[in-house]
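# A look at the structure
Single-letter residue listing:
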Amino acid sequence: MKRIGVFICHCGVNIKDTVDVELLTEQLENYPGVVHIENYMFMCSDPGQNQIKAAIEENKLDGVVIAACSPTLHESTFQNVIEEMGINKYQLEIANIREQCSWVHNDKEEATRKANLIIKTALEKLRLNESLSPVSSPMTKRVMVIGGGIAGIQAALDIADGGYEVLLVEKKPSIGGHMIQLSETFPTLDCSQCILTPKMVQLAKHKNIKLYVNSEVEKVEGFVGNFTAKINRKPQYVNPDICTMCGDCIDNCPVVVPSEYDEGLSWRKAIYVPFPQAIPATFTIDTENCLGFDPIACGECRKACKPEAINYDKKPETFEEKIGAIILATGYDLYPVEKMAEYGYGKFPDVLNGLQFERILSATGPTGGKMLRPSDGKIPKEIVFIQCSGSRDPERHNSYCSKICCMYSLKHAKLYKHKVHDGQPYIFYIDIRSGGKRYEEFIQQAVSEDGVIYIRGKVAKIYKEDDKMIVHGMDTLTGKKIEIKADLVVLAQSMIPSEGVNKLIQNLKLSTDEHGFLNEAHPKLRPLESIQSGFYLTGAAQGPKDIPDSVAQASGAAAKVLALMSQQEIYHEPIIAWVDEEKCSGCGICISTCPYGARALNFDGIAEVNEVLCEGCGACISACPSSASQQRNLTDDQINNMIDIILQDNLENSLEKEDMI
Amino acid sequence: MFYKLNNKAIKNSLSEQVQEISAQNVFDCYQCGNCSSGCPVVDYMDISPNQVMRLAQFGAIQEILDSETIWICSTCLQCSSRCPKGIDVSKVMEAFRAINLRKRFSKVEPNKTQIQNIKETPPILLVSAMRKMTG
Amino acid sequence: MKRFEPKIVCFLCKWCTYAGADLAGTSRLKYPANGIVIKTLCSSRIDSEHILHAFARGSDGIFIGGCHPGDCHYQTGNYKTKRRIVLLKRVLEQMGINPDRLRLEWISASEGNKFARQMTDFTEQIRALGPIPKYDRKEDISNG
Amino acid sequence: MNLPYYPGCTLKANASHFEDSAIKAMEILGHQLVEMKDWVCCGTVFSQTDDDLMLHLASIRNLLRAKEQGFDELVTLCSMCYNTLNRSKAFIDSDPDNLKKVTDFMYRENIEYDQDIQVYHLFNILKDRIKYETIEKLVHNPLKSLRLGAYYGCLLVRPKEFAIDDFEEPTIIEDFLRILGAEAIDYPYKLECCGAYQTLTQKDVSVKRCYEILNSAKKANCDAIVTSCPLCAYNLDFLQKEIEKEYVGFVNIPVFYFTELLALALGHTWEASWSELHAVDPLPLLKDKQLI
Ligand SMILES: Cc1cc2nc3c(=O)[nH]c(=O)nc-3n(C[C@H](O)[C@H](O)[C@H](O)COP(=O)(O)OP(=O)(O)OC[C@H]3O[C@@H](n4cnc5c(N)ncnc54)[C@H](O)[C@@H]3O)c2cc1C
Ligand SMILES: Cc1cc2nc3c(=O)[nH]c(=O)nc-3n(C[C@H](O)[C@H](O)[C@H](O)COP(=O)(O)OP(=O)(O)OC[C@H]3O[C@@H](n4cnc5c(N)ncnc54)[C@H](O)[C@@H]3O)c2cc1C
Ligand code: SF4
Ligand code: SF4
Ligand code: SF4
Ligand code: SF4
Ligand code: SF4
Ligand code: SF4
Ligand code: SF4
Ligand code: SF4
């Protein structure tokens, strides 16, 4: 049996006035296992600590209960004390007789009786505590970033600058994400490409960064510090080292498809470069639309390519990479206008989404930056912007606020005004969300200087009459029904998680919120990481976000990763779950219960706990129908013993223990 | 003049009755105005549908009961089909009519309608109008 | 006559309710001394068997405190607890134990007030219900 | 095949041409519309109060009568009957409490209402059971060069749970008109309310609504409007007299029931008794297009 010492603190008068410490000392003197008991004025003070050390040495104690204040205050202090005396720190228990006893009760008799029980529960727990040491495993000092938008680019650069190797996996032929499509950005109206392309170039040249474009992560195995990722790369068929970017291939390709970069407002060929500043700067064949490489089907591009950069024999490749941490920066897409029944299911060419309008505003866009509408190339004189399109609509669309569309709608109106001086922009809104540095000022300025008219009310319907888009809305401030015969309508479509990302998330066994955005470990205190250790989140993949927020989160996540990478080994609290192999029936219930994916069935069909992943919540233990699963230092036996001791008086008066179960 | 709001005014029994008859929670409304935007007869109303919802949140039920709006509403269900919060606004309108009608109030006297030629008038028109407007 | 002093076992999660109970202490709020606390890392650690065990041993009431929905340190632990308790209450009813003897509350680290209020309220409720009937415990639990 | 059929009040009065043309057209398609016995008016508009079950009894009684007569389904022609019967049924069926109250109340009925009877609109039958492709083959008198605007009104598409097609962008009537050989014209107001029962008390409201609808159709170059609701048909057709007074320069436009056009396209001769029930005479248009 353990040799336990009990130390009861007076905390000056804080405990002593309400709890009879002398009586307690007497009552517990002969409790099984207690070989030493004493009380003192300030246990946490230097003399107090020395008294504990002396008692440990004198009585050869191997377990200590301190009856004092809450463990949040001094648990680690006393753990250090006993560790100094060569006792494992998990052989310490704190009985909280101040915050949860002397301070909350008046009656001394009652408080003393309760303190007695509190100390006894600590003793019962301590009796079965094991000595534990932190779980550790080695650290692979490489990082994978998935998604090459501004968030992924920023995170990759920060980590690479910190000296660690980074793999950036981007599913499209070029990095850049949505930011590269934008014209000018709020609240400063600087040109998006001007600020992003230097970063892209820097990234491409960085010695610590390895770029996988046209690639997707198929699978990740392992755990923090020790992941193995399987990356599939689609061939581009054009050798970037040979290709001179002459463009002869394009001229000969017979296939024309809508350009993704221009959001379908212009055309590209089946062999193409996504946009002039693409990184890597090279041509790609889009096999989904290409007629076929063999000369019978087509093969025109290869014939045209004088430097012979095109090689049709390239095959998809799979790479296995070892990494220690993963950053998810998969970004967003816009909610399809095709789902907006009220706005015509996307069938009107002059009803655009925000990104399409960005392309029309952009100097590199389909109109070369001229404000022309798609249907007939006329200059729109009356333009309507509709906010919250598909957002804040739990009944039919997305319940959340997309956070950035208030700002970009206003930006659109302002940029429009800069191009069409005699035009009139209207913005239909429900509320304006402009929380951000200099955002509100940006809005106020546009209203007063650019004559943007805000109309508070949601548009019920848009229909086409002659060459006008008829917009029916309501100004709820005046109660007047509004009709605008618009030349162009721009919908501030809801941001949604990027297409196909749900499959990736499933493969990585990560969790999302009800809308498909990646879940952070804690909404306030751990917004940069997933609860799955080793996974970090940035940018719009975690929730609607603008560029400043995406960059801030990316650098934040990078800092977290750098802190992780700076460790040789990773350590982890050992208060975790374990499985009694004899009892486990292999039912697998615990596996689906674990929020961290820390459990799996082994070859013998028995549940196993990955000690590095387990956070010790205990959900699996209470879910196990065979009581096979247990928590270190909080086993079912320990809990039941604590219950028994709390209810001891009752038991003595009523039933024998043995009859019970 | 101030519109006086207080706890008691907001939580009154008429307001509860509206929610009970309509089975709609008027506090779900966030005043987007979509119901009014799409309402085909809002021009004839003295209070627009979103204002009806707002006044109902204030508990100002009598004001709505006395309005023309509830009688102008033609139960076209456009508001209900488009409300982003899934409120069946048309049921709320019906609840106000019902409270009036259950007090034996009639908006029209059957002999004082705007019908000139009764033979030409289809039963569907007579019956539906009577059901919506007479107590 | 001496009034009935119920025995109450409290399971509090470390991150929210235990911290809330500490705050009640630092704020010197007063509540009855009937509940004794067992600290777990998460409310989802609490097994139905512990609860049945405690009732069998004569606990008059059981209080479980966890983080508010969405605030769970382990993400969804409190939802699991909630589901388990709803089911368990039905079982208790069948066993003849008043399900009101089991209470689950969300109390955050900043809700010292709520913790004290809950302790007072729950103790009074159990006091009014009286001691847990003995025959229930023996028969049903041993068979179930 | 026999189709149990619920007429509703107006098809026995001002819309008897709707019924007559439907029966004749269906006959050509090889189906008999068998009128159920002992039906009562469904109460027209669906009562939207949640607490008054009495107002749904008429609908439920009709379903009971049909069941007594051995039917397990009912077909309606009128949009309003379709809407009211269906919604009352759903309202009662959805809540066991409502169901019990209604059953208890009708304890003197010979037979118990147990939710097992379906209500269809004739459009459902034409599209899903007989199938448009089949009808297309039987069209002898294609309505060539007739430019028709489908008017759905409210009750075929709202509430959205009971819509016979997409509630914002239905095409079921347009598709139907196309197989009859006509040109189906899309116009923005096809789902807008005609003013419904307001005509009795606030005629100006309905007049304006109908003007806007008709005008929208005319702007899109429709020759005529097609509907399936006797209340819509009345408002759109009979209020044109008032519209002419109110809006100078307004030119009349005929309003058809879809069954009249179906019968005509299937080769049935246009009947004089149908014309009599129209306010705007459709004959000049039909003659002009050489359909009669
Ligand atoms: C119309 C409009 C206007 C805007 N204007 C502004 C503005 O003026 N100012 C401002 O601050 N913000 C603006 N924004 C917001 C801005 O676009 C975003 O904040 C920013 O682009 C988010 O960056 P991101 O890297 O998180 O996501 P993204 O830009 O979406 O990048 C994600 C990247 O990940 C890749 N990816 C996705 N899934 C996978 C996968 N499974 N595997 C590999 N790669 C994958 C994508 O291909 C993409 O390259 C605007 C947004 C819109 C819609
Ligand atoms: C009424 C109110 C309610 C809120 N509710 C919420 C909420 O529900 N949820 C939420 O997420 N956020 C909420 N917030 C916001 C939240 O308080 C802040 O986001 C957060 O506290 C910011 O933390 P901070 O560390 O940046 O600043 P602070 O909390 O202000 O900390 C700054 C510290 O720096 C010290 N300091 C200042 N100057 C010096 C100096 N020269 N030298 C040394 N030390 C210095 C200060 O003494 C202070 O300790 C709320 C804010 C308010 C006002
Ligand atoms: S023709 Fe060859 S070298 Fe020229 S752009 Fe195309 S692939 Fe490159
Ligand atoms: S082989 Fe494909 S990419 Fe090349 S020219 Fe033909 S269609 Fe275009
Ligand atoms: S940011 Fe503005 S426009 Fe976008 S969903 Fe939120 S409130 Fe609506
Ligand atoms: S200043 Fe504060 S209260 Fe006002 S809009 Fe901004 S966030 Fe809201
Ligand atoms: S204790 Fe929690 S984290 Fe650990 S294995 Fe069990 S469920 Fe997973
Ligand atoms: S729930 Fe228990 S018995 Fe089932 S697999 Fe997990 S540990 Fe084994
Ligand atoms: S549409 Fe719905 S939420 Fe919007 S104002 Fe009307 S009732 Fe309120
Ligand atoms: S149901 Fe009434 S309030 Fe609603 S849109 Fe129709 S007429 Fe307007």
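Numbering of residues starts from 1 in each chain and follows the order in which that chain's sequence is written. Naming scheme: in the order in which they are written, chains are lettered from A and ligands are numbered from 1. Where totals are concerned, whole chains, interfaces and linings use all residues; where local detail is concerned, this predicted model gives features only for residues with pLDDT of at least 70, and gives and counts side-chain atom pairs only at 80 or more. The side-chain quantities take in all heavy atoms of the structure and omit both hydrogens and water.

### Regarding the overall build of chain B
Helix and strand assignments come from DSSP, with helices taken as H or I runs of at least 4 residues and strands as E runs of at least 2, each series counted from the N terminus. Within chain B, the regular secondary structure consists of 9 helices and 0 strands. Seen in sequence order, chain B has helices and strands lined up from the N terminus as α-α-α-α-α-α-α-α-α. Only the C-alpha atoms count toward the radius of gyration. The rule for a globule is 2.2 Å times the residue count to the power 0.38. Scaling as 2.2 N^0.38, a compact globule of 135 residues should have a C-alpha radius of gyration of about 14 Å, and chain B matches this with 16 Å. Reported as C-alpha extents along the three principal axes, the dimensions of chain B are approximately 50 × 30 × 30 Å. Residue burial is assigned from relative accessible area. The probe radius is 1.4 Å, only protein chains are included, and a residue is buried under 20% of its type maximum, exposed over 50%, and partly exposed in between. The buried share among the 135 residues of chain B stands at 56%. A separation threshold of at least 6 residues defines the contact pool for chain B, and within that pool the share at least 24 residues apart is 69%. Every accessible area reported is derived by Shrake-Rupley at a probe size of 1.4 Å, with residue values counting cover from the shown protein chains alone. Element-wise, carbon and sulfur atoms account for 53% of the exposed surface of chain B, whose accessible area totals about 5,900 Å². When checking whether two residues touch, look at their non-hydrogen atoms; a contact exists if any pair is within 4.5 Å.

### What about the pattern of salt bridges?
For this analysis, a salt bridge means a side-chain nitrogen from Lys or Arg found within 4 Å of a carboxyl oxygen belonging to Asp or Glu. Per the stated rule, a full pass over the model turns up 73 salt bridges over all chains. Residue Asp186 of chain D is joined to Lys347 of chain A by a salt bridge in which the shortest nitrogen-to-oxygen separation is 3.8 Å. Of this pair, Asp186 of chain D sits in the loop between β6 (183–185) and α7 (198–201) while Lys347 of chain A is found in the loop between β19 (332–334) and β20 (351–353), placing the two residues in two different chains. In this structure Lys347 of chain A comes out as partly exposed when scored by relative accessible area, which is 40%. The shortest N-O distance in the salt bridge between Arg57 of chain C and Asp644 of chain A comes to 3.1 Å. Of this pair, Arg57 of chain C sits in the loop between α2 (48–56) and β3 (61–66) while Asp644 of chain A sits in helix α17 (residues 636–646), which puts the two residues in different chains. A residue is classified by how much of its surface remains accessible, and Arg57 of chain C, at 7% relative accessible area, is buried. One salt-bridge network, in which partners are shared between bridges, spans Lys347 of chain A together with Glu169, Glu174, Asp186 and Lys190 of chain D.

### Structural notes on the interface of chain B and chain D
Often, the extent of an interface is quoted as the loss of accessible area upon association of its parts. Taken together, the 47 residues of chain B in the interface contact 47 residues of chain D. Summed over both partners, the interface of chain B with chain D comes to about 4,000 Å²; 57% of that surface belongs to carbon and sulfur atoms. Counting every contact that joins chain B to chain D gives 4 salt bridges. Across the salt bridge formed by Lys241 of chain D and Glu120 of chain B, the nearest N and O atoms sit 3.3 Å from each other. Distance and chemistry together define a polar contact, namely a pair of N or O atoms within 3.5 Å, with one atom able to donate a hydrogen and the other to accept it when in protein, and with adjacent residues in sequence counting only for side-chain atoms on both sides. On inspection of chain B and its partner chain D, the count reaches 21 residue pairs in polar contact (both at pLDDT 80 or more). When contributions to the side of chain B that touches chain D are tallied by element, the ones reaching two or more residues are α2 (13–22), α6 (69–72), α7 (78–82), α8 (89–101) and α9 (123–133) of chain B. No other element matches α9 of chain B, which puts 11 residues into the side of chain B that touches chain D. Nonpolar residues are Ala, Val, Leu, Ile, Met, Phe, Trp, Tyr, Cys and Pro. Charged residues are Asp, Glu, Lys and Arg, and all others, Gly as well, are polar. A per-class count over the side of chain B that touches chain D returns 22 nonpolar, 12 polar and 13 charged. We define buried area as the total accessible area lost by two parts upon association, computed with a 1.4 Å probe and summed across both.

### Observations regarding the site of ligand 3
The environment of ligand 3 is made up of Val238, Cys243, Thr244, Met245, Cys246, Gly247, Asp248, Cys249, Phe283, Cys305, Pro307 and Ile310 of chain A. Counted by class, the shell around ligand 3 contains 9 nonpolar, 2 polar and 1 charged residues. Near, as used in this document, describes a residue that has one of its heavy atoms within 4 Å of the molecule or strand being considered.

### With respect to a nonpolar patch on the surface
All names here are of chain D. To count toward a patch, a residue needs a relative accessible area above 30% and no salt bridge. Like charges then connect within 9 Å, nonpolar side chains (Val, Leu, Ile, Met, Phe, Trp, Tyr) within 5 Å. A cluster of nonpolar side chains, namely Met54, Leu55 and Phe105, defines an oily patch on the protein surface of about 280 Å² accessible area. With respect to the secondary-structure elements, Phe105 resides in helix α4 (residues 96–105). For Phe105, a relative accessible area of 44% corresponds to the partly exposed category.

### Topic: the sheet that holds strand β26 (residues 480–486) of chain A
Residue and element names in this part refer to chain A. At least two bridges found by DSSP between two strands are what make those strands a pair. Taken together, the 3 strands give an open sheet; going across it, the order is β24-β25-β26, and neighbouring strands pair in antiparallel fashion. A single partner strand is all that each edge strand has here, and the edge strands are β24 (461–465) and β26. On average, adjacent strands in this sheet sit at an angle of 25 degrees to one another, irrespective of strand direction. Bridge analysis of β24 against strand β25 (residues 468–475) gives 5 bridges, and the strand direction is antiparallel. Comment: axis = line fitted to C-alpha atoms, over the contacting stretch for helices; angle = value between 0 and 180 degrees taken between N-to-C directions.

### Considering the environment of Trp103 of chain A
Looking at the secondary structure, you find Trp103 of chain A in the loop between α4 (98–102) and α5 (108–127). The buried category is assigned to Trp103 of chain A, whose relative accessible area is 8%. Separated by 357 residues in sequence, Trp103 of chain A and Ala460 of chain A have C-alpha atoms that sit 60 Å apart. Apart from the residues lying within four places of it in its own chain, the contact partners of Trp103 of chain A are Asn14 and Arg98 of chain A together with Gly25, Thr26, Arg28, Leu29 and Lys30 of chain C.

### Details of the interface of chain A and chain C
Listed per partner, the contact involves 58 residues of chain A and 50 residues of chain C. Roughly 4,600 Å² of surface becomes buried between chain A and chain C when both sides are summed, with 55% attributable to carbon and sulfur atoms. Here chain A is connected to chain C by 18 residue pairs in polar contact (both at pLDDT 80 or more). Those elements that provide at least two residues to the side of chain A that touches chain C are α3 (71–84), α4, α5, α16 (619–623), β34 (629–631), α17, α18 (648–653) and α19 (657–660) of chain A. For the side of chain A that touches chain C, the class distribution of residues is 24 nonpolar, 23 polar and 11 charged.

### Digging into the packing of helix α1 (residues 21–28) of chain A against α5 of chain A
Residue and element names in this part refer to chain A. Contact geometry for α1 and α5: axes closest at 10 Å, N-to-C directions at 45 degrees. As judged from the angle between their axes, α1 and α5 are oblique. Where α1 crosses over α5, the two elements pack in a sense that is right-handed. Between α1 and α5, the residues in contact are Leu23, Leu24, Gln27 and Leu28 and Thr112, Ala115, Asn116, Ile119 and Lys120, respectively. Class assignment for the residues of the contact of α1 with α5 results in 5 nonpolar, 3 polar and 1 charged. Here is the rule for angles: anything less than 35 degrees is roughly parallel, anything more than 145 is roughly antiparallel, 65 through 115 is roughly perpendicular, and the remaining ranges are oblique. A clockwise turn of the near helix away from the far one marks a right-handed crossing, whereas an anticlockwise turn of less than a right angle marks a left-handed crossing.

### A short note on the packing of aromatic side chains
In this scheme Phe, Tyr and Trp rings, the latter by its six-membered ring, pair at centre separations within 6.5 Å, and the angle between planes marks the pair as stacked below 30 degrees, edge-to-face above 60, and tilted otherwise. The tally for this structure, following the rule as stated, stands at 26 aromatic pairs over all chains. Ring centres of Phe186 of chain A and Tyr439 of chain A lie 5.5 Å apart, and the angle between their planes is 85 degrees; this geometry places the pair in the edge-to-face category. Taken together, the positions of Phe186 of chain A in the loop between β8 (184–185) and β9 (190–191) and Tyr439 of chain A in helix α12 (residues 439–450) put the pair 253 residues apart, joining distant regions of the chain. In terms of burial, Phe186 of chain A and Tyr439 of chain A fall into one category: buried. Judged by centre distance (5.8 Å) and plane angle (45 degrees), the ring pair of Tyr3 of chain B and Phe58 of chain B falls under tilted. Taken together, the residues span a long stretch of sequence, with Tyr3 of chain B in the segment before α1 (7–10) and Phe58 of chain B in helix α4 (residues 49–58) at a distance of 55 residues. Look at Tyr3 of chain B and you get partly exposed, because its relative accessible area is 42%. Within the aromatic cluster, the residues linked to one another by ring pairs are Phe18, Phe123, Tyr132, Phe176, Tyr257 and Phe258 of chain D. Looking at Arg268 of chain A, its charged tip hangs above the ring of Tyr272 of chain A, at a distance of 3.7 Å from the centre. By definition here, charges over rings are those cases where NZ of Lys or CZ of Arg is within 6 Å of the ring centre and within 35 degrees of the ring normal.

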